[in-house]
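A closer look at the structure
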Amino acid sequence: MTAFPLPHVTMVGLGYIGLPTAAVIAQSGCTVHGIDVQSHVVDTINRGEIHIEEHDLDVLVRDMVSCGRLAASLEPTQSDVFLIAVPTPFVGDHVPDITFVLESAKKIAPVLKPGNIVILESTSPIGTTEKMAKLLADERPDLKIAGVNNSEAHDIHVAYCPERVLPGKIIAELVANDRSIGGITPACAKKAREFYQIFVKGECIETTAATAEMVKLVENASRDVNIAFANELSLIADRMGLNIWDVVSLANRHPRVNILQPGPGVGGHCIAVDPWFLVDSAPNVTPLIRTAREVNDGKCDYVAGRVDKMVAARPDSKIACLGLAFKANIDDFRESPALKIAESLATKYGDRVQIVEPFADTLPGKLDGSGAALVSLQSALQDCDIMLLLVDHEAFASVTAKQISGKQVYDTRGQWLEILR
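All of the points below concern the structure found in this document.

Rules behind the numbers
Residues numbered from 1 in each chain as written. Predicted model: local features only at pLDDT ≥ 70, side-chain atom pairs only at ≥ 80, totals over all residues. Heavy atoms only, no water. Helix = DSSP H or I, 4+ residues; strand = E, 2+ residues; numbered from the N terminus. Rg over C-alpha atoms; globule rule 2.2 N^0.38 Å. Buried < 20%, exposed > 50% of the residue type's maximum accessible area, 1.4 Å probe, protein only. Contact = heavy atoms within 4.5 Å. Areas by Shrake-Rupley, 256 points an atom, 1.4 Å probe, with all protein chains shown as cover. Pairing = 2+ DSSP bridges. Axes fitted to C-alpha atoms, helices over the stretch in contact; angles between N-to-C directions. Polar contact = N/O pair within 3.5 Å; in protein donor to acceptor, adjacent residues only side chain to side chain. Parallel < 35°, antiparallel > 145°, perpendicular 65-115°, else oblique. Left-handed = near helix turned anticlockwise from the far one by under 90°. Nonpolar A, V, L, I, M, F, W, Y, C, P; charged D, E, K, R; others polar. Disulfide = S-S within 2.5 Å. Right-handed = clockwise from strand over helix to strand, strands pointing away. Salt bridge = Lys/Arg side-chain N within 4 Å of Asp/Glu carboxyl O.

Some details on the overall build of the protein chain
Check the secondary structure of the protein chain and you find 14 helices and 15 strands. Scaling as 2.2 N^0.38, a compact globule of 421 residues should have a C-alpha radius of gyration of about 22 Å, and the protein chain matches this with 23 Å. Dimensions along the principal axes, computed over C-alpha positions, put the protein chain at roughly 70 × 50 × 40 Å. A burial count over the protein chain gives 52% of its 421 residues as buried. For the protein chain, contacts bridging at least 24 residues in sequence account for 69% of all contacts bridging at least 6. Counting every atom, the protein chain has about 18700 Å² of accessible surface; 52% of that belongs to carbon and sulfur.

A closer look at the sheet that holds strand β3 (residues 70–73)
Whenever strands of a sheet pair, they do so through backbone hydrogen bonds, lying parallel or antiparallel. Here 8 strands make up an open sheet; going across it, the order is β3-β2-β1-β4-β7-β8-β9-β10 and the pairing mixed. Edge strands, defined here as strands with exactly one partner in the open sheet, are β3 and β10 (204–208). Averaged over all pairs of adjacent strands, the angle between their axes in this sheet comes to 25°, without regard to strand direction. Relative to strand β7 (residues 117–120), strand β4 (residues 81–84) runs parallel, the two sharing 4 bridges. Considered in β7, the bridge of L83 is made with I119. Against the sheet, helix α5 (residues 128–139) engages β4, β7 and β8 (157–160), with an angle of about 155° to β8.

Focus on the sheet that holds strand β15 (residues 408–411)
Read across the sheet, 5 strands follow the order β13-β12-β11-β14-β15 without closing on themselves; strand pairing throughout is parallel. The open sheet is flanked by β13 (373–374) and β15, the only strands paired with a single partner. By the bridge criterion, 2 bridges tie strand β12 (residues 353–356) to β13 in an arrangement that is parallel. The residue bridging Q354 from the neighbouring strand is A373, located in β13.

Focus: the side chain of S79
Here S79 is to be found in the loop between β3 and β4. With relative accessibility at 1%, the residue S79 sits in the buried group. Among the polar contacts made by the side chain of S79, one reaches the side chain of T10 at a distance of 2.5 Å. In contact with S79, other than residues within four places in its own chain, are H8, V9, T10, K113 and N116.

Concerning the environment of A251
Tracing the sequence through the fold places A251 in helix α9 (residues 244–251). Sequence separation between A251 and I404 is 153 residues; the distance between their C-alpha atoms is 29 Å. If we ignore the near neighbours within four places in the chain, the residues touching A251 are V257 and I259.

Considering the packing of helix α11 (residues 287–313) against helix α12 (residues 337–349)
Running from N to C, α11 and α12 cross one another at 40°; their axes reach a closest spacing of 9 Å. Considering the angle they form, α11 stands oblique to α12. Where α11 crosses over α12, the two elements pack in a sense that is right-handed. Along the contact surface, α11 presents D297, C300, V303, A304, V307, D308 and V311, while α12 presents P337, K340, I341, S344, L345, K348 and Y349. A class-by-class count of the residues in the contact of α11 with α12 yields 9 nonpolar, 1 polar and 4 charged.

Observations regarding the state of the cysteines
One pass over the structure, following the stated rule, counts 0 disulfides. Of all cysteine sulfurs, the one in C30 lies closest to C67, which takes part in no disulfide; the gap is 12 Å. You can see C321 has no disulfide; the closest cysteine sulfur is in C384, sitting 8.5 Å from it. A relative accessible area of 0% means that C321 is categorised as buried.

Some points on the pairing of strand β9 (residues 179–183)
Taking burial as the measure, the 5 residues of β9 include 5 buried ones, the bulk of the element. Judged by which residues are buried, β9 turns out to be covered on both faces: R179, I181 and G183 on one side and S180 and G182 on the other are all buried. As paired elements, β8 and β9 share 2 bridges and run antiparallel to each other. In the sheet register, Y160 faces β9, and the bridge partner there is G182. Taken together, the 5 bridges between β9 and β10 define a ladder with parallel strand orientation. Looking across to β10, one finds that R179 is bridged to C204. Remark: the β9/helix α7 (residues 186–196)/β10 crossover connection has right-handed handedness.

Description of the pattern of salt bridges
Pairing is possible between side chains that carry opposite charge, provided their charged atoms lie close to one another. Taken as a whole and assessed by the stated rule, the structure comprises 18 salt bridges. Here D80 ties to K113 by a salt bridge, and the two come within 3.8 Å at their closest N and O atoms. Placement of the pair is D80 in the loop between β3 and β4 and K113 in the loop between α4 (99–108) and β7, with a sequence separation of 33 residues. Residue D80 is classed as partly exposed on the basis of its relative accessible area of 33%. The partly exposed category is assigned to K113, whose relative accessible area is 25%. What emerges from the salt-bridge pattern is a single network uniting D224, R293 and D297.

Here we look at the packing of helix α8 (residues 209–240) against α11
Their axes nearest at 8 Å, the elements α8 and α11 cross at an angle of 40°. When the interaxial angle is binned, α8 and α11 end up oblique. Relative to α11, α8 is oriented so that their crossing is left-handed. Along its contact with α8, which presents A221, D224, V225, I227, A228, N231, E232, S234, L235 and D238, the element α11 presents L288, I289, A292, R293, V295, N296, K299, Y302 and R306. Considering only residue class, the contact of α8 with α11 consists of 10 nonpolar, 3 polar and 6 charged.

Encoded structure:
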């Protein structure tokens, strides 16, 4: 039961996190106004359609737009709660860039009114929420922003609450997963928790904004370090001529061992990016986190190098790159190691490279214009002598031993383990 009537909500940013979150909040009964800088995104949503691939999102958005609880525009309007879910990339030598966050805060500042809650959801360096609060105070000196200038007054409550969802299961996990809710002040955390409890069934735990910011970064850095261990083991196994999948499977029979699965690297906007935020915050005491990032990034070069050797053995062969997304069964190519590897190979081999990606209608990134072609799985199996499995999409699970017989195969995901024995 909420402590206040259902609020009007503004979601700033309608991407992979913002749009599903806006739709889930609307499903709870709230009226949600989404804003985005791209007009085609706004127009698509207002037609009841989606511009990203996510399980069940199309139906939910259509229903929420149809019933009038979800609409989008380019400009903000007055609301009770403002959520910010915009990109936080890094620039240069992995330096975090919070420009989009601060620009979003500046954009909503003119429409803020006493009693509002402003919540940052974007994965951010430690201290970003505090910077956002100070910017709001500068933009609106007529309002008392919680926590700024030691103010005990709370015209505007400010908090940080990161998502922790798995692409492909975002709708369910937005509701089911626990949330760390960090307030600039304890009163801010309480207000934000009351809001999230409208639609979150998981436990909502109050903490400080800085703690919640670090929690999000730690979660993904932990996964990155563990994946780096698995990827480093795969390099050793290759050197020794051993099957890494068998090694990991047998090692995991130990009751206190749980090694993750290796792959061609690490992708996505979270695991491949967030650890650098921690390194940037404390560069002199994060050698393990930095090394894990380097191991996982280096795996892309290793995979491309192994393919070069396969090509050298068959100089006229065509290369099939199966998958471009950063994980299976999604259309998200952000920081994808598969995409980086395919781009590297296309730069060298041009029209000898064939791409199979069931979640793309056109070639993304540098592949466009490289000479590489987007083809069907069947076409790649017929035309290519080298099969490079980069993403374990369900569509690739149907490949048989007969179809890849006589070909050079490099399975970076272990999806074809049984048919390659």
